[in-house]
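Listed below are the residues making up each chain.
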Amino acid sequence: MCAVVKTKKSKVHKAKRISIALPEREDDVLNQYAQNCGISRTTAVKRIVREALKQYSSNLAKTEPKNQLGLFDTLQMDIFFNTSKASD
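Only a predicted model underlies this, so the values are computations on that prediction, with no experimental measurement involved. (Residues numbered from 1 in each chain as written. Predicted model: local features only at pLDDT ≥ 70, side-chain atom pairs only at ≥ 80, totals over all residues. Heavy atoms only, no water.)

1. Thoughts on the environment of Leu 22
At step 1: Topologically, Leu 22 is positioned in the segment before α1 (24–37).
At step 2: In this structure Leu 22 touches Asp 27 and Leu 30, once residues within four positions along its chain are discounted. (Helix = DSSP H or I, 4+ residues; strand = E, 2+ residues; numbered from the N terminus. Contact = heavy atoms within 4.5 Å.)

2. Section: the packing of α1 against helix α2 (residues 41–62)
At step 1: Where α1 contacts α2, the two axes come as close as 9 Å, and the packing angle between them is 95 degrees. With respect to each other, α1 and α2 are oriented roughly perpendicular. Contacts from Asp 27, Leu 30, Asn 31, Tyr 33, Ala 34 and Cys 37 of α1 reach α2 at Arg 41, Ala 44, Val 45, Arg 47 and Ile 48.
At step 2: Class assignment of the residues belonging to the contact of α1 with α2 gives a composition of 7 nonpolar, 1 polar and 3 charged. (Axes fitted to C-alpha atoms, helices over the stretch in contact; angles between N-to-C directions. Parallel < 35°, antiparallel > 145°, perpendicular 65-115°, else oblique. Nonpolar A, V, L, I, M, F, W, Y, C, P; charged D, E, K, R; others polar.)

In structure tokens form, the structure reads like this:
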């Protein structure tokens, strides 16, 4: 008897489609941006959204939830015995 080995197919993640409506002024600015970069309008929109989301996610990672007590924060003492939170 032959053993049949089945390989798993990798899952293809489909991109989500989003449609937006821009005012005429913002459409003109988008056209200028795309022309200056030498890319299409759709590529320009993807680039702008990707950069904005990257910046948002980095800011989101820095924030601390309000319900945390801050028990494990590092404290610094100066020579006058004033304590302050260490910032990274």
